[in-house]
Amino acid sequence: MNPRAMIRAAVGYVRKNPDEVVRAAVNATGLRFGVPLASLRWLAGQIKGKKAPKDVEISSAPPALRLGAVVDAMGTPVRASAAIKVDEITISEDAVRIGVRLRDVKLALAAESDSPVATLIKSGALDLSKPGNLVKFIPKKPAAVVEAEGDRVVVDLMKMPRLANDARLKKLLGILSPVLGIRAVETDRDHIYVKLRATPAGLLEAVNKLRTAK
């Protein structure tokens, strides 16, 4: 992405919505940080590529985030949508676990096709009320998917080789995780909010890790 384009877009948004500055300041005092959904829509529009999702839609279904896009499912264009609620974020030196509930999942063909995926969708045989069960049995599913059951999927970003082998990232997580965590991720009509948790009791541990990291 072009950093200048991001800055121009951010400045333009604040000019049109000056109340966002006050909102951000008030939220920061309560360790609550909001991201306008409009900025996520802009970012989604910048993602290009043959395999990139198309016609991305981002809205809210408080406290969940609703996402929809046309994706390539084994060569078949499929319109997928779901309401996503983050119900767990656990951060440590060796793990970044994110648990989500997937509800109101819908799949529809974006174009006529006779592929196996299209046939499966047309048959209505997929139980979309329990997407976690479908993910659990995906062949060669991503290493980051550590749990999948019912409507819930848990990923651990540190299972991704690129992140797992990043020594600097692990040191940073080791320093921050004793004192700072995420207690909730929620939405309202126009924003997604990250609520932080401060743990002063972990300050000594963080300082010791900072010393040993040098």
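Our subject is the structure that appears above.
What counts as what
- Residues numbered from 1 in each chain as written.
- Predicted model: local features only at pLDDT ≥ 70, side-chain atom pairs only at ≥ 80, totals over all residues.
- Heavy atoms only, no water.
- Helix = DSSP H or I, 4+ residues; strand = E, 2+ residues; numbered from the N terminus.
- Buried < 20%, exposed > 50% of the residue type's maximum accessible area, 1.4 Å probe, protein only.
- Contact = heavy atoms within 4.5 Å.
- Areas by Shrake-Rupley, 256 points an atom, 1.4 Å probe, with all protein chains shown as cover.
- Lys, Arg positive; Asp, Glu negative; His and termini not counted.
- Charge placed at Lys NZ, Arg CZ, Asp CG, Glu CD.
- Pairing = 2+ DSSP bridges.
- Axes fitted to C-alpha atoms, helices over the stretch in contact; angles between N-to-C directions.
- Salt bridge = Lys/Arg side-chain N within 4 Å of Asp/Glu carboxyl O.

Q: Hey, could you run me through the overall build of the protein in this one?
A: Scanning the protein for helices and strands turns up 8 helices and 9 strands. Dimensions along the principal axes, computed over C-alpha positions, put the protein at roughly 60 × 40 × 30 Å. Counting across all 214 residues of the protein, residues that qualify as buried make up 28%. For the protein, the proportion of contacts with a sequence separation of at least 24, taken over those separated by at least 6, is 45%. By element, 61% of the accessible surface of the protein is carried by carbon and sulfur atoms, the whole surface being about 13,800 Å². Charge centroids of the protein, computed over 36 positive and 22 negative side chains, lie 5 Å from each other.

Q: Can you walk me through the sheet that holds strand β9 (residues 191–198) in this structure?
A: Taken in spatial order, the 3 strands make up an open sheet running β1-β9-β8, and their pairing is antiparallel. Each having just a single partner strand, β1 (32–36) and β8 (180–187) make up the two edges of the open sheet. Taking each pair of neighbouring strands and ignoring which way they run, the sheet shows an average axis angle of 20°. One ladder, built from 7 bridges, connects β8 with β9; its direction is antiparallel. Its bridge partner being in β9, E186 is matched across the sheet by Y193. Contacts from helix α3 (residues 37–46) reach β1 and β9 within the one sheet, and its direction differs from that of β1 by about 50°.

Q: What exactly am I supposed to notice about the pattern of salt bridges here?
A: Pairing between side chains becomes possible if they bear opposite charge and their charged atoms approach one another. All chains considered together, the criterion is met by 19 salt bridges. Here D94 and K170 are joined by a salt bridge, their closest N and O atoms 3.6 Å apart. On the criterion of sequence distance, the pair formed by D94 in the loop between β4 (76–91) and β5 (96–109) and K170 in helix α7 (residues 167–176) is long-range, its members being 76 residues apart. Assessed through its relative accessible area of 52%, D94 is described here as exposed. Overall, K170 belongs to the partly exposed group, its relative accessible area being 28%. Two residues, E149 and K136, come together in a salt bridge whose shortest N-O distance is 2.8 Å. Of the two residues, E149 sits in strand β6 (residues 145–149) while K136 sits in helix α5 (residues 131–136), which places them 13 residues apart along the sequence. A single salt-bridge network, built from bridges that share partners, covers D87, E88, R97, R101, R103, E147, D151 and R152.

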